[in-house]
Amino acid sequence: MSIAQLRKSLEIGDISSLEIVEDYINRIDQVDKHLHSYLNLTFERARSDAKKIDNLRLEGKKLPPLAGVPIAIKDNLCTKNITTTCSSKMLQNFVPPYESTVTHRLWKAGAILLGKTNLDEFAMGSSTETSAFGTTFNPWDISRVPGGSSGGSAAAVSSGLCMAALGSDTGGSIRQPASFCGVVGLKPTYGRVSRWGLIAFASSLDQVGPFGNSVSDVAEILQVISGNDPLDSTCLNNPVPNYSEQLSKPIAGMRIGLISQCFNQPGLSDEVKHSVMQAADHLASLGAELIDIECPCFNDGIATYYVIAPSEASANLARYDGVKYGYRSGEYSSLSDMMSRSRSEAFGKEVKRRILIGTYALSAGYVDAYYKKAQKVRTLIRRDFDNAFKSVDVLLTPTSPTTAFKLGAHDNDPLAMYLSDLLTIPANLAGLPAISLPCGFDSSGLPIGLQLIGNVLEESAILQVAHQYEQSAEVSKKRPKGQFIQ
Ligand code: GLN
């Protein structure tokens, strides 16, 4: 059921909000022991919120836009009085005294929290394997990763354990898991959505965004969470357009750019390439014009990101010192010994690796050679996009070079893991909106994702192209049976 269908059914009294919630709770009870997409479940609260929605209807009151929509939230978004761990031992017992702006807006709009979902520790990773609380499994094939870092949210949406979810995307963490799990995921323009209450990883790149089973569901969630927030000084003031209204507009005459650097990647799988090219042809058959585009600095994204993101992370994670909040080691001989033991015991390997890289890149002797140089390349990447958008409306690429890989495949090779974000990172560096949606399946029956990147604040354009593609290509009809797919 889509969000729009749920709204209609609730309004006419076909079904109650409580019945819907009980359905999801049942399915979570049956399925999530195999997937581990949730870290923490909030069923009592869900039931009581559902009753409130049902009472509203009985009283004849108008239902808010997301009334009764059962939602999962990535566990790096603060939820008041509900443990928020960031999948780290460091925050294992952290109960935020405040609510993030995005979740606050969801509850105000009538959405219902089912629970908090698993992620890579502090959102650092591409497979959800770095979580301190165990990995999440891909619902299409549990021997594979769901992608990351928002793997729990993507797996929960694709296996029917929630209707929609929120994730965060610093270098691809919404789009890559959406692609691996066969759902839709959108990273908004930097500043479109408030970061207040999102536990910071790399503040100049982080954005919160929605996962859903369809483009229209994603548009509805985006509508509610977008817009200015006085609590986040990087949040934009621009008015929020009506996203759902734009979806049905035909795309005839729209110019879609194919970035040539993306299609000549040595690591790009033939099946992914073929499927994405077919999707491009399909868009052309709907009247869009395909244009080849050069973005010469596109492939410098990874190197740039792995200087900037760890640098910002090393500063953001300095606050976890065993004093202000977070884990404190039980044994120490001095203040600095306490801090160093606490950090050493509570952070995982990948988080430590990032802190070390970032601290090094920001150190007095190297800041010009690494950090400042990376900032300059970041500007060049942004300029490539600015030039591209002079001749096209939307850019099209694969979301990830491969489909979901096997658990443990990159255990001893962090660089191979980093490369899985090759195609998503440039949009973060340039602050652009981008969406991933399913466009086909490989020979193992695993979903393939198509990425559409828009110009600044052009969420409407990528949603429109994505929706038109989804409605006419009907990829979902071709879906093979996944292990835990409904
Ligand atoms: N996989 C990338 C990383 O490890 C991106 C993570 C993210 O977007 N949060 O940093």
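Above this note sits the structure.
In this report, we go over the structure that sits alongside the text. The shown structure was predicted, so the numbers you read here are calculated from the model rather than taken from an experiment. (Residues numbered from 1 in each chain as written. Predicted model: local features only at pLDDT ≥ 70, side-chain atom pairs only at ≥ 80, totals over all residues. Heavy atoms only, no water.)

### A few points about the site of the ligand
- Gly171, Ser173, Tyr305, Arg354 and Asp421 are the nearest of the 15 residues found near the ligand.
- Take Ser126: an N or O atom from its side chain is 2.8 Å from a nitrogen atom of the ligand.
- Here the residues of the shell around the ligand sort into 5 nonpolar, 7 polar and 3 charged. (Near = heavy atom within 4 Å. Polar contact = N/O pair within 3.5 Å; in protein donor to acceptor, adjacent residues only side chain to side chain. Nonpolar A, V, L, I, M, F, W, Y, C, P; charged D, E, K, R; others polar.)

### Observations concerning a nonpolar patch on the surface
- Residues Tyr98, Trp196 and Leu231 make up a contiguous nonpolar surface patch of roughly 280 Å² in combined accessible area.
- In this fold, Trp196 is placed in the loop between β5 (184–187) and β6 (207–212). (Patch = residues over 30% accessible without salt bridge, like charges linked within 9 Å, V, L, I, M, F, W, Y side chains within 5 Å. Areas by Shrake-Rupley, 256 points an atom, 1.4 Å probe, with all protein chains shown as cover. Salt bridge = Lys/Arg side-chain N within 4 Å of Asp/Glu carboxyl O. Helix = DSSP H or I, 4+ residues; strand = E, 2+ residues; numbered from the N terminus.)

### Side note on the state of the cysteines
- Going through the model one piece at a time under the given rule, you end up with 0 disulfides.
- Considering cysteine sulfurs only, Cys295 is the nearest to Cys297, which forms no disulfide, with 8.8 Å between them. (Disulfide = S-S within 2.5 Å.)

### Examining the environment of Met163
- When you line up the elements, Met163 lands in the loop between α5 (151–158) and β4 (164–169).
- Overall, Met163 belongs to the buried group, its relative accessible area being 2%.
- The sequence separation of Met163 and Gly68 amounts to 95 residues, and the corresponding C-alpha distance is 10.0 Å.
- Ignoring anything within four residues of it in the chain, the contact list for Met163 reads Met1, Ser2, Ile3, Leu6, Tyr24, Val69, Pro70, Val157, Gly212 and Asn213. (Buried < 20%, exposed > 50% of the residue type's maximum accessible area, 1.4 Å probe, protein only. Contact = heavy atoms within 4.5 Å.)

### Focus on the packing of aromatic side chains
- One pass over the structure, following the stated rule, counts 12 aromatic pairs.
- Aromatic pair Tyr360 and Tyr366: ring centres 4.5 Å apart, planes at 25°, arrangement stacked.
- Residue classification places Tyr360 among the partly exposed residues on the basis of a relative accessible area of 41%.
- Their ring planes at 45° and their centres at 6.0 Å tell us that Tyr360 and Tyr370 sit as a pair that is tilted. You can see Tyr360 sitting in helix α13 (residues 349–362) and its partner Tyr370 sitting in helix α14 (residues 367–391), a full 10 residues away along the chain.
- Ring pairing ties together the aromatic residues Phe122, Tyr320 and Phe347, which thus form one cluster. (Phe/Tyr/Trp six-rings, centres within 6.5 Å; stacked < 30°, edge-to-face > 60°.)

### Considering the pattern of salt bridges
- Scanning the model with the defined rule gives 18 salt bridges in all.
- When the shortest N-O distance is used, the salt bridge between Asp169 and Arg175 registers 2.9 Å.
- A residue is classified by how much of its surface remains accessible, and Asp169, at 0% relative accessible area, is buried.
- By relative accessible area, which is 0% here, Arg175 ends up buried.
- Close ionic contact of Asp232 with Arg195 constitutes a salt bridge, the shortest N to O distance being 4.0 Å. Linking Asp232 in the loop between α7 (215–225) and α8 (243–246) with Arg195 in the loop between β5 and β6, this pair joins segments that are 37 residues apart in sequence. Across the pair, exposure class does not vary: Asp232 and Arg195 are buried alike.
- By sharing partners, the salt bridges in this structure join Glu22, Glu44 and Arg47 into a single network.

### Considerations on the sheet that holds β5
- With mixed pairing, 11 strands are arranged side by side in an open sheet as β1-β3-β2-β4-β6-β5-β10-β11-β9-β7-β8. Here the strands that pair on one side only, and so sit at the sheet edges, are β1 (38–41) and β8 (289–293). Neighbouring strand axes in the sheet, compared pairwise and without regard to direction, differ in orientation by 30° on average.
- Pairing of strand β2 (residues 70–74) with β4 involves 3 bridges; the strand directions are parallel. (Pairing = 2+ DSSP bridges. Axes fitted to C-alpha atoms, helices over the stretch in contact; angles between N-to-C directions.)

### Topic: helix α11 (residues 301–316)
- With 16 residues, α11 ought to run about 22 Å at 1.5 Å a step, and its terminal C-alpha atoms sit 22 Å apart, in line with that.
- Burial within α11 is extensive, with 14 of its 16 residues counted as buried. (Expected span 1.5 Å × (residues − 1).)

### Quick word on the side chain of Gln451
- Note that Gln451 resides in strand β11 (residues 447–454).
- Of the residues examined, Gln451 reaches a relative accessible area of 0% and is grouped as buried.
- Setting aside anything within four residues of it in sequence, one finds Gln451 in contact with Arg175, Leu395, Leu396, Thr397, Pro398, Thr399, Leu423, Thr424, Ala434, Ile435 and Ser436.

### Concerning helix α17 (residues 459–473)
- Compared with an ideal rise of 1.5 Å per residue, which puts 15 residues at 21 Å, α17 spans 21 Å between its outermost C-alpha atoms and is within 8% of the ideal.
- Extensive coverage of α17 is indicated by the burial of 13 of its 15 residues.
- The first or second residue beyond α17 is Glu474, which carries a positive phi of 50°.

### Quick word on unusual backbone geometry
- Of the consecutive residues Gly148 and Ser149, the connecting peptide bond is found in the cis state with omega at 10°.
- Locating Ser149 in the fold gives a position in the loop between β3 (112–117) and α5.
- Although it is not a glycine, Phe122 sits at a positive phi angle of roughly 50°.
- Along the polypeptide, Phe122 turns up in the loop between β3 and α5.
- Exposure remark for Phe122: the relative accessible area of 2% places this residue in the buried category.
- For Glu474, which is not glycine, the phi dihedral falls at a positive 50°.
- Note on placement: Glu474 falls in the segment after α17.

### With respect to the pairing of β5
- Of the two faces of β5, the one lined by Val184 and Leu186 and the one lined by Gly185 and Lys187 are each fully buried.
- Sheet topology note: the β5/β6 ladder contains 2 bridges and is antiparallel. Bridge pairing links Gly185 to Phe211 in β6.

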